[in-house]
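# A closer look at the structure
What follows is each chain in one-letter form.
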Protein chains: 2
Amino acid sequence: MSNQPTPLVPVLAVVGVGLIGGSFAAALKAAGAAGRILGVGRDTSTLERARSLGLIDEAATLDAALEQADLVMLAAPVGTIASLLDTIAPRLRANTVVTDAGSTKSDIVHAARQSLGSKLGQFVPGHPIAGAEQTGPKAARPDLYMNRNVVLTPLAETGRPALSLVTRAWQVCGARVLTMDPDTHDTVLASVSHVPHFLSSVFMWQVAMAQDSDLRLSLAGSGFRDFTRIAAGSSEVWRDIFMTNRKAVLTELADVRRALEHAEQALRDGDAQALEDFLERAALARRLWASRSRLT
Amino acid sequence: MSNQPTPLVPVLAVVGVGLIGGSFAAALKAAGAAGRILGVGRDTSTLERARSLGLIDEAATLDAALEQADLVMLAAPVGTIASLLDTIAPRLRANTVVTDAGSTKSDIVHAARQSLGSKLGQFVPGHPIAGAEQTGPKAARPDLYMNRNVVLTPLAETGRPALSLVTRAWQVCGARVLTMDPDTHDTVLASVSHVPHFLSSVFMWQVAMAQDSDLRLSLAGSGFRDFTRIAAGSSEVWRDIFMTNRKAVLTELADVRRALEHAEQALRDGDAQALEDFLERAALARRLWASRSRLT
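### Digging into the overall build of chain A
Counting secondary structure elements, chain A contains 12 helices and nine strands. For chain A, whose C-alpha radius of gyration is 21 Å, the value lies close to the compact-globule estimate of 19 Å for 296 residues. Judged by the C-alpha coordinates and their principal axes, chain A covers about 80 × 40 × 35 Å. Relative to its full complement of 296 residues, chain A shows a buried share of 53%.

Here you go:
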């Protein structure tokens, strides 16, 4: 008989074993906090890669995973989480906790209310604020969430044990766990994540469509590189994020557009002082953020 | 008597010994291509720091530097280069070559025509496309220009020996030297350098001005970090860049705004396919650029 203590999550099921789900699995495994890890996904070659990389112990069907798992992590693109919740609802056992890693939360909470019925208390909506341009299991790493923020948006119905399990699991990954309501999450993320992605993609698109785009791109430097890095992200993932957070993104974009008009007017007027003031405020704010952030 | 060959630049004078000028000096010195290096600047403590870091051999007045230098590099903010050209014009000796590192070129070429008169052929306008958020002599390093592009915008009047000297000096720094006309340079740089800086600063300003900016900034992740990195740059330097390249920047901004309206309309319409198409084109263009660029 083994003397080892029971791990935090005896059986973990990860639906979607890419960067986000694979890193969650790898972090829990590295910490000894997951007993057995089952991987679920559409693409068998991705599952096989995740297994050979040691992210999961075995591939499983969704049904088999739901029969065994203590914790189910839904790490699929936001647009497919609603239908996943619908699929798992009738098969969800009473002691299984479900969480997700979707980048928008109001839509998912709405879908959960529609699908889960009396099992709603077993679901803990979540969003790890971490990522990279790379995707897929090969990009997964156990330290992806170290010192990163994870936002949980529990409902009034969410059970305390469920919330506690998911909180502890993320803490084991090295993350800082915050809770807030889904609308606040979506408004804030529209501002600091979705709008930058939108602007970066619009700009990259505009440069690429220019008649002299080859010349332009040949003279692009490190500022261009940093500013456009996020535009390389998965169009499928980001389409879903924009579509599920449309209202908040459009509201923020309208506000950014007003700020842009203001700054453009200063430039049009040749008002060097107004221009410098605005640039200086932006520079000071960015430097202050960098000095406080663990990211730079 | 020494057997050492004469260096490419027996006496180099650098006006402005910050990141750009200091790195030029350091690269030429590291390659043995500069004999003696004189530093010129407004701030004696900056000059002293540059000397103690070994970027320059000694501090000098502009007059003393002009008497001795074979090559004068003007590495001051764009807005002060015109007045520097005006100051040096009457004291410029016949065999001295002058170049600059200003980020915009049409304005500087115009100023050179006004100031230099019969000495116009000694001036080689230039722009090294390299930089960093850091400024000052401490940030200078001999490899800053390694594999980077340097654009020269020679005039019809520019002397061949002057153009050849400046070209060789940059090549010694490890840079790839391109030549083009000043208007093309300014149009292209408006697109891939000035507009990203403008958008990044506007966005950073808008987030910082929001009532809940603390909450927003606490949830900002690595995408935000990359997208706003350039906004931390010197407001003085960038004010000058925008002011001296107003027309091209405003033209590009208008085009970006049209692209933004197009993408926003797709989102407003809930047109997931149009949204994904635009995101996918941007992502493919960015990935193609990264695969070709030496910067990523």
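### Structural notes on the interface of chain A and chain B
On the chain B side, the residues contacting the 76 residues of chain A number 77 residues. Looking at the side of chain A that touches chain B, the elements that each hand over two or more residues are α7 (182-209), α8 (213-218), α9 (222-228), α10 (235-244), α11 (246-268) and α12 (272-292) of chain A. Broken down by element, the side of chain A that touches chain B gets its largest block of residues, 18 residues, from α7(A). Class assignment of the residues belonging to the side of chain A that touches chain B gives a composition of 45 nonpolar, 16 polar and 15 charged.

### Overview of the environment of V72(A)
Residue and element names in this part refer to chain A. Tracing the chain through its elements places V72 in strand β4 (residues 71-74). What makes V72 buried here is the crowd of 25 C-beta atoms within 10 Å. When the C-alpha atoms of V72 and T99 are compared, they prove to be 6.2 Å apart, with 27 residues separating the residues in sequence. Each residue touching V72, except ones within four places of it in the same chain, is listed here: A13, V15, A65, L66, T96 and V98.

### Concerning the relation of the copies chain A and chain B
Least-squares fitting of chain A to chain B yields an RMSD of 0.0 Å, with the transformation described by 0.0 Å of translation along the axis and a rotation of 180°. In short, the pair behaves as if placed about a two-fold rotation axis. Considering only C-alpha atoms, the part of chain A nearest the rotation axis is F227(A), at 2.2 Å. An overlap of 100% is found between the interface residues of chain A and their copies at the interface of chain B, pointing to a shared contact surface.

### So, the domain arrangement of chain A
How big an interface is tends to be stated in terms of accessible area lost as the parts join. Residues and elements named next belong to chain A. Taken domain by domain, chain A comprises domain 1 (9-180) and domain 2 (185-292). The distance between the C-alpha centroids of domain 1 and domain 2 comes to 31 Å. On the domain 2 side, the residues contacting the 14 residues of domain 1 number 14 residues. Looking at the side of domain 1 that touches domain 2, the elements with two or more residues in it are α4 (78-88) and α5 (106-116). Grouping the amino acids of the side of domain 1 that touches domain 2 by side-chain chemistry returns four nonpolar, seven polar and three charged.

### Focus: the confidence of the model for chain A
In the predicted model, chain A carries a mean pLDDT of 95, and the fraction of residues at 70 or more is 98%. The ipTM, which scores confidence in the relative placement of chains, is 0.91 for this predicted complex, and the corresponding pTM is 0.90.

### Re the sheet that holds strand β6 (residues 123-124) of chain A
All names here are of chain A. Pairing in this open sheet of six strands is parallel, and the strands run β3-β2-β1-β4-β5-β6 from one edge to the other. Each having just a single partner strand, β3 (58-59) and β6 make up the two edges of the open sheet. Pairing of strand β5 (residues 97-100) with β6 involves two bridges; the strand directions are parallel. The residue bridging V98 from the neighbouring strand is F123, located in β6. Strands in contact with helix α6 (residues 160-172) are β1 (9-15), β4, β5 and β6; relative to β5, the strand with the most contacts, it is inclined by about 50°.

### Examining unusual backbone geometry
If you check the backbone angles, N147(A) has positive phi at about 65° while not being a glycine. Inspection of the secondary structure puts N147(A) in the loop between β7 (126-128) and β8 (149-152).

### Describing the nonpolar core
If you look at the biggest cluster of nonpolar residues, it comprises 202 residues, and the most contacted ones within it are L12(A), V14(A), L12(B) and V14(B). Look past the residues within four positions of V14(A) in its chain and what remains in contact with it is G21(A), F24(A), A25(A), I37(A), G39(A), V40(A), I56(A), M73(A) and A75(A).

### Some thoughts on the sheet that holds strand β6 (residues 123-124) of chain B
All names here are of chain B. Pairing in this open sheet of six strands is parallel, and the strands run β3-β2-β1-β4-β5-β6 from one edge to the other. Sheet topology places β3 (58-59) and β6 at the edges, where each strand pairs with a single neighbour. Pairing of strand β1 (residues 9-15) with strand β4 (residues 71-74), which is carried by four bridges, proceeds in the parallel orientation. Within the sheet, the bridge partner assigned to V15 lies in β4 and is L74.

### Here we look at the pairing of β8(A)
All names here are of chain A. For β7 and β8, the ladder comprises three bridges, and the chain directions are antiparallel. Within β8, the position partnered with P128 by the bridge is V150. Direction of pairing for β8 relative to strand β9 (residues 176-179): parallel, over a ladder of four bridges. Of the residues in β9, the one forming a bridge with V151 is L178. Considered for its hand, the β-α-β crossover made up of β8, α6 and β9 is right-handed.

Analysis parameters
Residues numbered from 1 in each chain as written. Chains lettered and ligands numbered in written order. Predicted model: local features only at pLDDT ≥ 70, side-chain atom pairs only at ≥ 80, totals over all residues. Helix = DSSP H or I, 4+ residues; strand = E, 2+ residues; numbered from the N terminus. Rg over C-alpha atoms; globule rule 2.2 N^0.38 Å. Buried ≥ 20, exposed ≤ 12 C-beta atoms within 10 Å, placed from the backbone. Contact = placed C-beta atoms within 7 Å. Nonpolar A, V, L, I, M, F, W, Y, C, P; charged D, E, K, R; others polar. Least-squares fit on C-alpha atoms with pLDDT ≥ 70 in both. Domains from an automatic or database assignment. pLDDT = per-residue confidence, 0-100. Pairing = 2+ DSSP bridges. Axes fitted to C-alpha atoms, helices over the stretch in contact; angles between N-to-C directions. Core = buried A, V, L, I, M, F, W, Y, C linked by C-beta atoms within 7 Å. Right-handed = clockwise from strand over helix to strand, strands pointing away.

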